[in-house]
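# Report on the structure
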Amino acid sequence: MKKTKAFVSVDMEGLPHITSNEHMAPGKLLYDEARSIMTECVLAMADELHGSGFERVVVADSHGPKVNLIPEKMPAFVDVVRGNPRSISMIAGGKGCDAALFLGYHAKPGTPNATFDHTISSQVIRTLKYNGEETSEFYMNAATLGEQGVPVILVAGDRALLQEDVAKHAPWAVRVPQKESLGRYAAISPSMPRSLQLIRDGVKEAVTKLYGGDMKLLKLNTPVQTEIQFTDSEYAHIASHLPGSKMIGGWRVQFTSPSMEEAYRVTQLLVFAGSGVKSSVSE
Ligand SMILES: [Zn+2]
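Treat the numbers as computed from the prediction; the structure is a model and nothing was measured. (Residues numbered from 1 in each chain as written. Predicted model: local features only at pLDDT ≥ 70, side-chain atom pairs only at ≥ 80, totals over all residues. Heavy atoms only, no water.)

### Concerning the overall build of the protein chain
Each helix and strand counted, the protein chain has six helices and twelve strands in total. Taken over the C-alpha trace, the protein chain has a radius of gyration of 18 Å; the compact-globule value for 283 residues is 19 Å, and the two agree within 12%. Overall, the protein chain is about 50 × 45 × 30 Å in size when its C-alpha atoms are taken along their principal axes. The buried share of the protein chain, reckoned over its 283 residues, is 54%. Summarising the internal contacts of the protein chain: among those between residues at least 6 apart in sequence, 69% fall at separations of at least 24. (Helix = DSSP H or I, 4+ residues; strand = E, 2+ residues; numbered from the N terminus. Rg over C-alpha atoms; globule rule 2.2 N^0.38 Å. Buried < 20%, exposed > 50% of the residue type's maximum accessible area, 1.4 Å probe, protein only. Contact = heavy atoms within 4.5 Å.)

Given below as structure tokens:
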């Protein structure tokens, strides 16, 4: 059956040459460089998808304030999901698409030699587990899309994420390394022309595999048990106000959700609650 609509979720930390906190947010010294790298990578991916037969490409700008992509550079066949906060954050707009691709993705917290290792928020979350498995953003996003019937066919990003999580949880997905990290704030990356070519080659391979029937859905068993270890005991205390949740020691909260999508939404809610506590309390 013909595939007509592709979904791209793009983060920043796993993109080539992005290594400094000065890349990360509007107003920072290297932010314009980061926007331009993100936009070039998205253009290469979207163009190759369109050339492979996808009539529409939905791109979810999924880093920080989620207004990083330069929208006026996008061609007519691209729709952009912009702005924050939003429901199911990094994968808003993915439902109903024929395939999903992740770009610029980074490793989960505690991964050695991985730039900006974290899941959702390094300010609020130490570790996040679904059904006992420590999760990266790749894992929670792919599992939610899997529940919605959308296969993840390609992941491009930090080699540490690809080698650990992607190989383990979605071995069918094509892996495109965009950097080899030398620490949390250093990496070796291919030149931009080479990086863009690797993205294009990866898309071709992934689409061929998709049409060959070689792609699968990542699905978790339901109900889904979530366990969050917070960076501050007060965030855990506030999270424990959620009906049905329970505290484990001073840092962790557990709760159960009927679906991965609901587990995702509640996780987001508790991160917002923790951020609110952080801004209202000073020590
Ligand atoms: Zn990010």
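### With respect to the coordination of the zinc ion
Donor atoms from the polypeptide that bind the zinc ion are D11 (OD), E13 (OE), E13 (OE) and H63 (ND1), placed at 2.1 to 2.5 Å. One can describe the site at the zinc ion as irregular: its four donor atoms subtend angles covering 56 to 139° at the metal. For the zinc ion, the donor residues sit on a single chain with the sequence spacing D-x1-E-x49-H. With D11 in the loop between β1 (5-10) and α1 (31-51) and H63 in the loop between β2 (56-61) and β3 (78-81), the pair connects residues that are 52 residues apart, well separated along the chain. Accessibility expressed as a relative area gives 2% for D11, which makes it buried. (Donors = N, O, S within 2.8 Å, 3.2 Å for Na, K, Ca; no water. Tetrahedral: all angles 85-135°; square planar, octahedral: opposite > 155°, others 65-115°.)

### Comments concerning unusual backbone geometry
Cis geometry marks the peptide bond from N84 to P85; its omega dihedral reads -5°. Within the secondary structure, P85 sits in the loop between β3 and β4 (99-105). That bond from T222 to P223 is cis: its omega, -5°, falls within 30 degrees of zero. With respect to the secondary-structure elements, P223 resides in the loop between α4 (192-211) and β10 (224-230). Phi is positive for K66, close to 65°, though the residue is something other than glycine. Assignment of secondary structure puts K66 in the loop between β2 and β3. The class for K66 is buried, based on a relative accessible area of 8%.

### What to know about the nonpolar core
The biggest cluster of nonpolar side chains holds 92 residues, and the ones touching the most others in it are L49, F102, L103, F138 and L154. At ten residues, α1 tops the list of elements feeding residues into this core. In this structure, this core is formed jointly by two domains, domain 1 (5-119 + 136-211) and domain 2 (224-280), each of which donates at least three residues. Ignoring anything within four residues of it in the chain, the contact list for L103 reads V8, S9, V10, D11, L15, C41, V42, M45, A156, Q178 and I199. (Core = buried A, V, L, I, M, F, W, Y, C linked by side-chain atoms within 4.5 Å. Domains from an automatic or database assignment.)

### Quick look at the domain arrangement of the protein chain
Buried accessible area, meaning the area lost when the parts come together, often serves as the stated size of an interface. Here the domain parsing of the protein chain yields domain 1 (5-119 + 136-211) and domain 2 (224-280). On a C-alpha basis, the centroid separation for the pair domain 1 and domain 2 is 26 Å. If you look at the interface, domain 1 gives 14 residues, while domain 2 gives seven residues. Taken together, both faces of the contact between domain 1 and domain 2 bury some 880 Å²; the carbon and sulfur share is 59%. Sorting the residues of domain 1 by area buried against domain 2 places I88, M140 and E147 first, and these three jointly supply 48% of that buried surface. The partner of K95 in a salt bridge is E261, and the shortest N-O contact between them spans 3.9 Å. Our count for the domain 1 to domain 2 interface comes out at six residue pairs in polar contact (both at pLDDT 80 or more). Of the residues contributing to the side of domain 1 that touches domain 2, the split by class is six nonpolar, five polar and three charged. (Buried area = accessible area lost by both parts, 1.4 Å probe. Salt bridge = Lys/Arg side-chain N within 4 Å of Asp/Glu carboxyl O. Polar contact = N/O pair within 3.5 Å; in protein donor to acceptor, adjacent residues only side chain to side chain. Nonpolar A, V, L, I, M, F, W, Y, C, P; charged D, E, K, R; others polar.)

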